[in-house]
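Descriptive structure summary
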Amino acid sequence: MNIATTSGPFTHASSTVQKTMVTVLLALIPATAFDFYLFGWPAILLFTVTVGSCMAVEAACLALADQPVKAVLGDYSAVLTGWLLAMSLPPWAPWWVGVLAAVFAIALAKHAFGGLGQNVFNPAMVGRTVLLVSFPVVMTAWVVPHPLFSSGAPGLADAIAITFGSHMPDTVSAASALGYVKTELSRGIPVTQSMAQVPDLMDMVLGYRAGSLGETSAILILAGGLFLMAKRIISWHIPLSVMGGLFLMAAVFHAVDPARFTSGTFHLMSGATFLGAFFIATDYVTSPVSKKGQLIFGIGCGVLIWIIRTFAGYPEGMAFAVLLMNGLTPIIDQYTRPRMFGRNRKGEPLPLVKEKP
Amino acid sequence: MKLFSIRGGVHPEYRKEQTSEKAIVALPMPRLLYIPLQQHVGAPAEVLVAGGDLVKKGQMIARSQGTISASQHAPTSGRIVSVTDVAAPHPSGLPQTTIILEPDGKDEWAELPEPIADPFAADLQLIRERVARAGVVGMGGAVFPAAVKLNLGTQYKLEILLVNGAECEPYITCDDRVMREYADEVIDGARIVARVMGAPRVVVGIELNKPQAIEAMTKAAAPFAEVEVVGVPALYPMGYAHELILAITGRETPAGKRTAEVGVVAYNVATVRAVHHAVRFGRPLITRVVTVSGGAIREPKNILSPIGARVADLIEFCGGFSAPPARLVNGGPMMGEPLPSLEVPVVKGTAGILALTAEETNAQAASPCIRCGSCVTICPGGLSPVEMAAFIRKDNLEAAARLGVMDCISCGSCSWVCPSHIPLVHYFNYAKGALNDQERERRKSERVKTLAEVRVIRVEKVAEAKRAAMAARKPAAATAAADAPPGNATASTAEEKTNA
Ligand code: SF4
Ligand code: SF4
């Protein structure tokens, strides 16, 4: 019988780290499955390579640090990182993109900081960003959807050639909506005109457009996000404030100059807005712990996404915006601690409001 | 009634159904009773009996001493076996002076103080004395002497007596049963307490997961306009007095202050019932209702136990263990303490004895914090457990103190919710203990410093006096010596004595 002196409680919620991670993975399955259908075998191969690499790198780092490999791999955090990473890569990118991104994400962004819970920056976004900066051409080689089993879709053999042989068919590449509008704008074509060429919003919502896995099928990503909220894995604070911040910035500027700025709705529906708002910005480790901090963090992300998309050289700003806000998280945490019971914000005891007898 | 929301809180599995429908049953008198001299906050009682003495039921066997203390009484008639050291029901299991009583089976009452026929007309001081004499202490866990608390009414202007029937700890149902079975006694006791404290209103707060108790209490309270029964949301730790007061009155007790300073005093239901017994019948506090439950108990029960029965006696009465318990708990699973052994006695503050299976405790090895923020969201104290724990892990106690670790009420919610199973409360208890020790050390060294300074001054003064005395012998210096007071050295010695 265990009678060691220890503190309570002697009961516990059923929550575990593993359950949390698995629930997030479950929420990603519908969108991922649909994307596999849209982009076919090359996407499936790249996804497998990326997730597998993340697990392998995690195992190697743990072994190097003399930590229990099996127990820690079992928390599925590396799988989740790999999964999100795969969803942010161009679906037909070659295999080494996935492997390199995994090394940066797991070894550099996670284990160099001390492993799970210690990292400041979102590992998947670090992986994606390093690759985007180093290999901009490969990382922006989007393809239009080639649904599985449709005519013209690559079979398994073609897919192996695409993923492992870098035989990217030239004819299929396409710009994402955000990229297209941006390029056109730089050529002097106003938004009002170029918008006519991008897929209509309905297609964008359903996902029938060029982009990374996570950029397409917005509606399924949204469904997954709502599922996570229902399961209380995430709360509304970050997703809503990310989307709110982005939408408001876009809507205000669009109202002022529609020829220069795209609309709020377009911003919400394009790029990786939903994936970022529900799955990336909400990463526990790299976002603030208090609800108030999460709101500030989310609004910051939303505003930065809009700024980067609108003024910087990259059409999509989600990853950069999240990384920038990750860096601010410790400071946000420090200034958004809850008010203590019976004390004011400064930590002094509340004054006695009741008059003395 | 409009309720106010409290911050944070969790919904642990209540698991009260194991005992909630079981009426209170009396424990058959054990072969021996073990009555510790200290079952309360404050000074231990002073023993009045010795081995071989014969005592009657209700006879005072240890008398309250000092301003904060409580008397102990014989729970039945019998012979005192000895007064000796026995392991206390505290996690340390350290021995404590205990009176061992061998019941004679006759259960003969001693002569009790005259009952107070009309407590609503009687002299207040008389009622206070009765409660003090009966050795009543807070039975909800605080074990603060009830009579001392009664005096708060003379220091503060009180508006509400809050009767705490929240019983938010999982498994525990003793207050629920008392309210269902003895609602009239609880209401009467509450009205007496309210009168003594000068509180014009009585509010009984009961969690909504106890509808029968709410019904019974509402019925019992119906004749009395000043008494109101309020159902509060079942949200742990609603039963913590500050939270319940906030929920019912909207008043937030400032840090470091007593609830009386916002006009409210809280009493547990079992405590006001004990007051009822003391005042109406002159009966001392010699029994209490204990919930014995948990997955490893064969037949969970609500037991009316004499103070001093061993935990083993109660468990035996419940048919023993049905499975090897993974954890024995004194109290509820959230704030209770590990039981050091089955040999320790039931005391006035024992609300529950739990024998939990491994499945129930769901203890798991801790893994790294994933910064999920759940602990911050649910902390009723508005603290940031994740950050405090991080500082304590680095042994930076000052930083943890700045974040408010001393305000932590050890409610256990953060540990309960943590997906990484980090023993946060254990960290905080450690930090609180260490910080308290540091504070004590600091005070001590400050005092030593003052003493040393005093000594230097005294030595100087003595030397001065000597010089003056020497000078006085010389007539020429007589005037200089005049302002050295003659009693100086003696005064210093007296000062040293009071300081020592
Ligand atoms: S144990 Fe302390 S820190 Fe944890 S939830 Fe309760 S009051 Fe907050
Ligand atoms: S609940 Fe546990 S894992 Fe979550 S932030 Fe708090 S300490 Fe970290």
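Going by the structure above, here's the rest.
A brief structural summary. Note that the structure is a prediction, hence the values are computed from the model and not measured. (Residues numbered from 1 in each chain as written. Chains lettered and ligands numbered in written order. Predicted model: local features only at pLDDT ≥ 70, side-chain atom pairs only at ≥ 80, totals over all residues. Heavy atoms only, no water.)

Looking at the overall build of chain A
Quick note on the threshold: Helix and strand assignments come from DSSP, with helices taken as H or I runs of at least 4 residues and strands as E runs of at least 2, each series counted from the N terminus. Relative accessibility decides the category of a residue: with a 1.4 Å probe and only protein chains considered, values under 20% of the type maximum give buried, values over 50% give exposed, and everything between is partly exposed. In this analysis, two residues are considered to be in contact whenever any of their non-hydrogen atoms come within 4.5 Å of each other. Using a 1.4 Å probe, the Shrake-Rupley method yields the accessible areas, and only the shown protein chains count as cover for residues. Residues scored as charged are limited to Lys and Arg (positive) and Asp and Glu (negative), so that His and the chain ends carry no count. The atom standing in for a charge is NZ when the residue is Lys, CZ when it is Arg, CG when it is Asp and CD when it is Glu.
Helices and strands together make up the secondary structure of chain A, namely 16 helices and 2 strands. Each of the 357 residues in chain A was classed as buried or not, and the buried ones make up 53%. If you take every contact in chain A between residues at least 6 apart in sequence, the share linking residues at least 24 apart comes to 76%. Element-wise, carbon and sulfur atoms account for 69% of the exposed surface of chain A, whose accessible area totals about 14,900 Å². Of the side-chain charges in chain A, 20 are positive and 16 negative, and the distance between the mean point of each set is 15 Å.

Focus on helix H14 (residues 273–280) of chain A
Summarising burial for H14(A): 8 of the 8 residues are buried, a large majority. Of all the positions in H14(A), only Thr273(A), Phe274(A), Leu275(A), Gly276(A), Ala277(A), Phe278(A), Phe279(A) and Ile280(A) are classed as buried.

A short note on the pairing of strand S10 (residues 201–207) of chain B
Residue and element names in this part refer to chain B. To be explicit about the condition: In this description, strands pair whenever DSSP reports at least two bridges between them. Here a crossover is taken to be right-handed if, once the strands point away from the viewer, the path from the first strand over the helix to the second is traced clockwise.
Here S10 lies mainly inside the structure; 6 of its 7 residues are buried. Inspection of the sheet shows strand S9 (residues 160–165) paired to S10 by 6 bridges, in the parallel sense. Paired with Asn 164 across the two strands is Gly 205, which belongs to S10. Tracing the backbone out of S10, into helix H6 (residues 211–221) and back to the parallel element strand S11 (residues 227–232) gives a crossover that is right-handed.

Points about the site of ligand 1
Residue and element names in this part refer to chain B. Quick reminder of the rule: To be near a molecule or strand, a residue needs just one of its heavy atoms within 4 Å of it. Residues are grouped as follows: nonpolar covers Ala, Val, Leu, Ile, Met, Phe, Trp, Tyr, Cys and Pro; charged covers Asp, Glu, Lys and Arg; every other residue, Gly included, is treated as polar.
The immediate surroundings of ligand 1 are formed by Cys 379, Pro 380, Pro 385, Cys 408, Ile 409, Ser 410, Cys 411, Gly 412, Ser 413, Cys 414, Val 425 and Phe 428. At the level of elements, helix H14 (413–417) and helix H15 (424–473) are the ones that each hand at least two residues to the shell around ligand 1. Its residues assigned to classes, the shell around ligand 1 comprises 9 nonpolar, 3 polar and no charged.

Topic: empty space enclosed by the protein
All names here are of chain A. Convention followed: Lining residues are those with an atom within 4 Å of a point, where the points come from a 1 Å grid over the protein atoms alone and group into cavities, where a 1.4 Å probe fits but cannot get out, or pockets, open sets with protein on both sides within 12 Å along at least five of seven lines. Grid points are joined across faces, edges and corners, and a volume is the space filled by probe spheres set on the points.
Enumeration over the complete set of coordinates arrives at 4 cavities of 30 Å³ or more. When its volume is computed, the largest cavity comes out at roughly 340 Å³. Lining the largest cavity we find 24 residues, and of these Met 21, Leu 80, Asp 283, Tyr 284 and Val 285 sit closest to its centre. If you list the elements that add at least two residues to the lining of the largest cavity, you get helix H1 (17–64), helix H3 (77–87), helix H5 (123–134) and H14. Across the lining of the largest cavity, the residue classes tally to 15 nonpolar, 7 polar and 2 charged.

Observations regarding the sheet that holds strand S16 (residues 337–338) of chain B
All names here are of chain B. Quick reminder of the rule: Note on geometry: axes are C-alpha line fits, over the in-contact stretch for helices, and angles between N-to-C directions span 0 to 180 degrees.
Pairing within the open sheet is mixed, and its 6 strands lie in the order S1-S14-S13-S17-S15-S16. Either end of the sheet is taken by a strand with one partner, and the two such strands are strand S1 (25–26) and S16. In terms of strand pairing, strand S15 (residues 327–330) meets strand S17 (residues 352–356) through 4 bridges, oriented antiparallel. Looking at the pairing, Val 329 lines up with Leu 354 of S17. Across the sheet, helix H4 (residues 174–181) is in contact with strand S13 (287–293) and strand S14 (301–306); its angle to S13 comes to roughly 125 degrees.

Thoughts on unusual backbone geometry
Note that the residue after Gly8(A), namely Pro9(A), is joined by a cis bond; omega there is -5 degrees. Residue placement: Pro9(A) occurs in the segment before H1. Even without being a glycine, Asn362(B) presents a positive backbone phi close to 50 degrees. Topologically, Asn362(B) is positioned in the loop between helix H10 (358–361) and helix H11 (374–378). The class of Asn362(B) is buried, set by a relative accessible area of 18%. Despite not being glycine, Ser410(B) shows a phi value in the positive range, around 55 degrees.

Considering the site of ligand 2
Ligand 2 sits among Cys369(B), Ile370(B), Arg371(B), Cys372(B), Gly373(B), Cys375(B), Val386(B), Cys418(B), Pro419(B), Ser420(B), Ile422(B) and Leu424(B). In terms of residue class, the shell around ligand 2 is built from 9 nonpolar, 2 polar and 1 charged.

Points about the interface of chain A and chain B
In plain terms, the rule: Put simply, buried area is how much 1.4 Å-probe accessible surface two parts lose in total, over both of them, once they are put together. Note on definitions: salt bridges are taken to be side-chain nitrogens of Lys or Arg within 4 Å of carboxyl oxygens of Asp or Glu.
The interface is formed by 43 residues belonging to chain A together with 66 residues belonging to chain B. Summed over both sides, the interface between chain A and chain B buries roughly 4,600 Å², with carbon and sulfur atoms accounting for 58% of that surface. For chain A, the biggest contributors to the area lost against chain B are Phe10(A), His12(A) and Phe341(A); these three give 19% of the whole. Summed over the shared surface of chain A and chain B, the result is 4 salt bridges. Counting residues per element, the ones that place at least two in the side of chain A that touches chain B are H1 and helix H16 (318–335) of chain A.

With respect to the nonpolar core
Put simply, the rule is: To qualify as a nonpolar core, a set must consist of buried Ala, Val, Leu, Ile, Met, Phe, Trp, Tyr and Cys residues joined through side-chain atoms within 4.5 Å.
One finds Leu28(A), Trp83(A), Leu84(A), Met87(A), Leu275(A) and Phe279(A) to be the most contacted residues of the largest nonpolar core, which totals 83 residues. If one sorts the elements of this core by residue count, H1(A) sits on top with 18 residues. Apart from the residues lying within four places of it in its own chain, the contact partners of Phe279(A) are Val24(A), Ala27(A), Leu28(A), Leu84(A), Ile221(A), Gly224(A), Gly225(A), Leu228(A) and Phe274(A). Listed in part, the 58 residues of the second largest apolar core include Ile24(B), Val136(B), Ile187(B) and Tyr267(B).

Observations regarding the sheet that holds strand S6 (residues 72–73) of chain B
Residues and elements named next belong to chain B. As summarised here, the arrangement of the 3 strands in space is S3-S5-S6, forming an open sheet in which the pairing is antiparallel. Edge positions in the open sheet fall to strand S3 (46–47) and S6, since each of these has one partner strand only. Note that S3 and strand S5 (residues 60–63) share 2 bridges and pair antiparallel. Considered in S5, the bridge of Val 47 is made with Ala 62.

As for the pattern of salt bridges
Residue and element names in this part refer to chain B. For the coordinates displayed, the defined rule picks out 24 salt bridges over all chains. As a salt-bridge pair, Arg 180 and Glu 21 come within 3.1 Å of each other at their nearest N and O atoms. Of the two residues, Arg 180 is situated in helix H4 and Glu 21 in the segment before S1; the sequence distance between them amounts to 159 residues. Under the relative-accessibility criterion, Glu 21 is labelled exposed at 52%. The closest approach of N and O atoms between Glu 226 and Arg 191, which form a salt bridge, is 3.0 Å.

Description of the packing of helix H12 (residues 237–256) of chain A against helix H15 (residues 291–311) of chain A
Residues and elements named next belong to chain A. So the rule is basically this: By convention, the crossing between two helices is left-handed when the near helix turns anticlockwise from the far helix through less than a right angle, and right-handed when the turn is clockwise.
It is the contact of H12 with H15, at a shortest axis distance of 7 Å, that shows an interaxial angle of 35 degrees. Between H12 and H15 lies a crossing whose hand is right-handed. Seen from H12, the contacting residues are His 237, Ile 238, Ser 241, Val 242, Gly 245, Leu 246, Met 249, Ala 250 and Phe 253; seen from H15, they are Lys 291, Gln 294, Leu 295, Phe 297, Gly 298, Ile 299, Cys 301, Gly 302, Val 303, Ile 305, Trp 306 and Arg 309. Of the residues contributing to the contact of H12 with H15, the split by class is 13 nonpolar, 6 polar and 2 charged.

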